[in-house]
Amino acid sequence: MASETSVETEAFLVEVCWHYFINEMTQSEVAALMGVTRLRVNQAIRSARADGLVRVDIQSPHVMRLRLQEDLKTRFGLADAIVAPANADNHDYQRPAGAALANYLAKGLREARWQRIGVSWGMTLTNAMTHLPRMQLPEIEIISMIGGTSQGASFNTFGIASGFADRLGARYSLFAAPVYLSPGTDREEFLSDAVFSEHLEKLKTLDLAVLVAGDLSDRSVLMNTGLPSSVTPATLSEKGAVGDIVGHFIDHNGREVDHFINDCAVGIRLDALEKVPERVLAAAGTHKVDVIIAAIRRGLVTTLVTDDITAERILARTS
């Protein structure tokens, strides 16, 4: 008898769900048709879902990206993760991540989440800049977090800060200094100049830091144009470096490597960066997987913006 009751119960659940999901009737309509209360229909639907009689199967490529985003958030304790679709046959690791970053920034700016935004440099940010809608936000200030180079003006820190400000109708402040001081230069004395000390104080008031990650390959602009002549990717690798965040070279766990280059870096320090309330890292490319993971492990990232190819590699590397 108990078995018959179980069958009858399942039959009831199936009939309720058929009318609700297949015939697209409302719960009230199902209740009237079957001569039961709306509450009983509601309970039947919930029970059917819990028992696995009803499963939602969304057939869309977007589902995989949503799953990747949730997996990244769960695995690394991130506040948010945004995964853009990339072309697996011709992987452009800068454009999709840049466009996704632009969308993230535009939404946050419309919600008035930030007043002072710190930016680094690189082609991913250049791509983000071109996808940003034009806005008029004179109360916003874009602040460069790192010194610049004399080459690559469109994507170095000077071009990025002024370019973002132009798109947003915002103010901007440049860190008018090189990325690295010459070895042997007293960094503290150099930065004690009023112009630099005022800029450093601004960096303590950031609401958002927009970051990129650089690896040690020749695809890195910093490797090609920004390092002192006495520093090579090989010497950095020997010290355990996997890449840089705002010019500071870190190992697999996000710790700064024991190399003099880190003492020469002009810009925000990593311990100060950790104190910025929101820190979004926009980075993609299989060659950047190690440095992305390292930055997250260090606690430098609250939101990761990447693409699906890179996200899969990150999750596979840390499984």
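Assignment of secondary structure puts M64 in helix α4 (residues 61–76). Its relative accessible area of 39% is what places M64 among the partly exposed residues. Distance from M64 to D308, taken between C-alpha atoms, is 8.5 Å for residues 244 residues apart in sequence.

Looking now at the pairing of strand β9 (residues 303–307). Here β9 lies mainly inside the structure; five of its five residues are buried. The alternating pattern of β9 places T303, V305 and D307 on one face and L304 and T306 on the opposite face, and all of these are buried. Relative to β9, strand β1 (residues 80–84) is paired through five bridges, and the arrangement is parallel. In the strand pairing of β9, I82 is matched with V305. Alignment of strand β8 (residues 278–282) against β9, held across three bridges, turns out to be parallel. Within the sheet, the bridge partner assigned to A282 lies in β9 and is V305.

Turning our attention to the pattern of salt bridges. Considering all chains together, one arrives at 14 salt bridges under this definition. When the shortest N-O distance is used, the salt bridge between R113 and E111 registers 3.8 Å. Judged by its relative accessible area of 33%, R113 is partly exposed. On the accessibility criterion, E111 (43% relative accessible area) is partly exposed. We note a salt bridge from E274 to R298, for which the minimum N-O separation is 3.3 Å. Within this pair, whereas E274 is found in the loop between α13 (270–273) and β8, its partner R298 is found in helix α14 (residues 289–298), the two being separated by 24 residues in sequence.

Let us look at a negative patch on the surface. Side chains of E256, D258, D263 and D271 sit close together on the surface and give a patch of like negative charge. As for its placement among the helices and strands, D258 is situated in the loop between β7 (248–250) and α12 (261–264).

About the cut-offs
- Residues numbered from 1 in each chain as written.
- Predicted model: local features only at pLDDT ≥ 70, side-chain atom pairs only at ≥ 80, totals over all residues.
- Heavy atoms only, no water.
- Helix = DSSP H or I, 4+ residues; strand = E, 2+ residues; numbered from the N terminus.
- Buried < 20%, exposed > 50% of the residue type's maximum accessible area, 1.4 Å probe, protein only.
- Pairing = 2+ DSSP bridges.
- Salt bridge = Lys/Arg side-chain N within 4 Å of Asp/Glu carboxyl O.
- Patch = residues over 30% accessible without salt bridge, like charges linked within 9 Å, V, L, I, M, F, W, Y side chains within 5 Å.
- Areas by Shrake-Rupley, 256 points an atom, 1.4 Å probe, with all protein chains shown as cover.
- Lys, Arg positive; Asp, Glu negative; His and termini not counted.
- Charge placed at Lys NZ, Arg CZ, Asp CG, Glu CD.

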